Amino acid sequence: MGKKKKRILLVDGDIVVYQQACLNQHDIQWRNGGETILLTSERAKRACDDYLAYIMKQLKGDWLYVCFGTSDNFRKKLFPKYKGNRKKQKKPQLRYELPQYIEANYKTIKRMMLEGDDVLGIWHTGPFFEDLGETIVVTIDKDLMQIPGKFYNPKRSQQGIRDISEEEADYAFYTQILTGDATDNYKGLPGVGPAKAKKILAEVEGGDPTDVWKAIVEAYEAKGLPEEEALLQARMARILRWEDWDEDKQEVRLWEPM
């Protein structure tokens, strides 16, 4: 009998931090217009510990890595308005302290110019752990459905660990090119939601990537938009995989249609 492979959990650190930073900040508005901000940082740190311990126990993990992104991600250079709709939102102050705590107490992975989603996607599909065991992405972010492999959503624990095929992951990516993401401030194809995207992709279901890209470009052109706009939206939507990243040069390989 061969040696049992380890179960390696790749946890979305950005979401863990944001959730606990919000839950442990209390803003008090006074009648005179003043404001007092109460931060319970120690409780937030304990909550992070409890959550990570719970995930390890729930999934019977052997190792755990918390993945973080950086604010200066590459998409903003491609499209300066990326996430520009978030500027007016008040951000929790503990979002700076909690990552430092986690980095000091857990194994973490972070790369400049990448978002946490990209770090998860690259390390999940790359060769880093292939001789050691299987990786499981742990996040509530539906964007990670673009990444083939094992996936666990703590908010949908009844679904258990899902195994996303490459075909399912690619379909999620193609859908995102068409629908965009209002939360991240890139529009996709105007007037196209999930239902219309499904209809467009159904016409090339089972086709090779060239046929799919052609259908997407034709849908854009039908709205008076050039292929260059479809490509920009694709690069906004794409959650990076191993082939999209040069670890030696620390550079993104921008997605190109086949």
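Relevant structure appears above.
Below is a short write-up of the structure. These numbers were taken from a predicted model, which means no experiment stands behind them.

### Some remarks on the overall build of the protein chain
Across its full length, the protein chain carries nine helices and 10 strands. In terms of overall dimensions, the protein chain is globule-like: its C-alpha atoms have a radius of gyration of 20 Å, near the 18 Å expected for 258 residues. In the protein chain, the proportion of contacts linking residues at least 24 apart, taken out of those at least 6 apart, comes to 67%. With an accessible surface of roughly 14500 Å², the protein chain has 51% of that area assigned to carbon and sulfur atoms. Distance from the positive charge centre (41 side chains) to the negative charge centre (42 side chains) of the protein chain: 7 Å.

### Side note on a negative patch on the surface
Together, Glu218, Glu221, Glu227 and Glu228 give the surface a local cluster of negative charge. Listing elements by their share of the negative patch, those giving two or more residues are helix H8 (209-222) and helix H9 (227-237). With respect to the helices and strands, Glu228 occurs in helix H9. Of the residues examined, Glu228 reaches a relative accessible area of 59% and is grouped as exposed.

### A closer look at the side chain of Glu229
Topologically, Glu229 is positioned in helix H9. Despite its burial, Glu229 pairs with no opposite charge, the nearest such side chain being Lys187 at 4.6 Å. Residues contacting Glu229, with those up to four places away along its chain left out, are Lys187 and Tyr220.

### Quick word on the packing of aromatic side chains
For the coordinates displayed, the defined rule picks out seven aromatic pairs. Judged by centre distance (5.1 Å) and plane angle (75°), the ring pair of Phe173 and Trp255 falls under edge-to-face. Of this pair, Phe173 sits in helix H6 (residues 166-179) while Trp255 sits in the segment after strand S10 (251-252); the two residues are 82 residues apart in sequence, bridging distant segments of the chain. We classify Phe173 as buried; its relative accessible area is 1%. In textbook terms, an aromatic cluster arises when at least three aromatic residues are bridged by ring pairs, as seen for Phe173, Tyr174, Trp213 and Trp255. Looking at Arg238, its charged tip hangs above the ring of Phe173, at a distance of 4.9 Å from the centre.

### A look at the nonpolar core
Nonpolar side chains tend to gather and get buried jointly when the protein is soluble and globular. Counting 26 residues, the largest nonpolar core has Ile177, Leu178, Trp213, Ile216 and Tyr220 as its most contacted members. Those elements giving two or more residues to this core turn out to be H6, helix H7 (194-202), H8 and H9. Among the elements that take part in this core, H8 stands out by supplying seven residues, more than any other. Sequence-distant contacts of Trp213, defined by excluding residues within four places in its chain, comprise Ile177, Glu227, Ala230, Leu231, Ala234, Trp255 and Pro257. Listed in part, the 23 residues of the second largest apolar core include Leu114, Ile147, Ile239 and Leu240.

### Looking at the layout of surface pockets
Empty space among the atoms can be located by rolling a probe the size of a water molecule over them. Empty space within the second largest pocket amounts to approximately 410 Å³. Along the walls of the second largest pocket sit 18 residues, with Lys142, Asp143, Met145, Ala172 and Gln176 positioned nearest its centre. Those elements that place two or more of their residues in the lining of the second largest pocket are H6 and H7. Here the lining of the second largest pocket gets five residues from one element, more than from any other, and that element is H6. Partitioned by chemical class, the residues of the lining of the second largest pocket number six nonpolar, six polar and six charged.

The rules we used
- Residues numbered from 1 in each chain as written.
- Predicted model: local features only at pLDDT ≥ 70, side-chain atom pairs only at ≥ 80, totals over all residues.
- Heavy atoms only, no water.
- Helix = DSSP H or I, 4+ residues; strand = E, 2+ residues; numbered from the N terminus.
- Rg over C-alpha atoms; globule rule 2.2 N^0.38 Å.
- Contact = heavy atoms within 4.5 Å.
- Areas by Shrake-Rupley, 256 points an atom, 1.4 Å probe, with all protein chains shown as cover.
- Lys, Arg positive; Asp, Glu negative; His and termini not counted.
- Charge placed at Lys NZ, Arg CZ, Asp CG, Glu CD.
- Patch = residues over 30% accessible without salt bridge, like charges linked within 9 Å, V, L, I, M, F, W, Y side chains within 5 Å.
- Salt bridge = Lys/Arg side-chain N within 4 Å of Asp/Glu carboxyl O.
- Buried < 20%, exposed > 50% of the residue type's maximum accessible area, 1.4 Å probe, protein only.
- Phe/Tyr/Trp six-rings, centres within 6.5 Å; stacked < 30°, edge-to-face > 60°.
- Lys NZ or Arg CZ within 6 Å of the ring centre and 35° of its normal.
- Core = buried A, V, L, I, M, F, W, Y, C linked by side-chain atoms within 4.5 Å.
- 1 Å grid on protein atoms, 1.4 Å probe; cavity = no way out; pocket = protein on both sides within 12 Å on 5 of 7 lines; lining within 4 Å.
- Points joined across faces, edges and corners; volume = space filled by probe spheres on them.
- Nonpolar A, V, L, I, M, F, W, Y, C, P; charged D, E, K, R; others polar.

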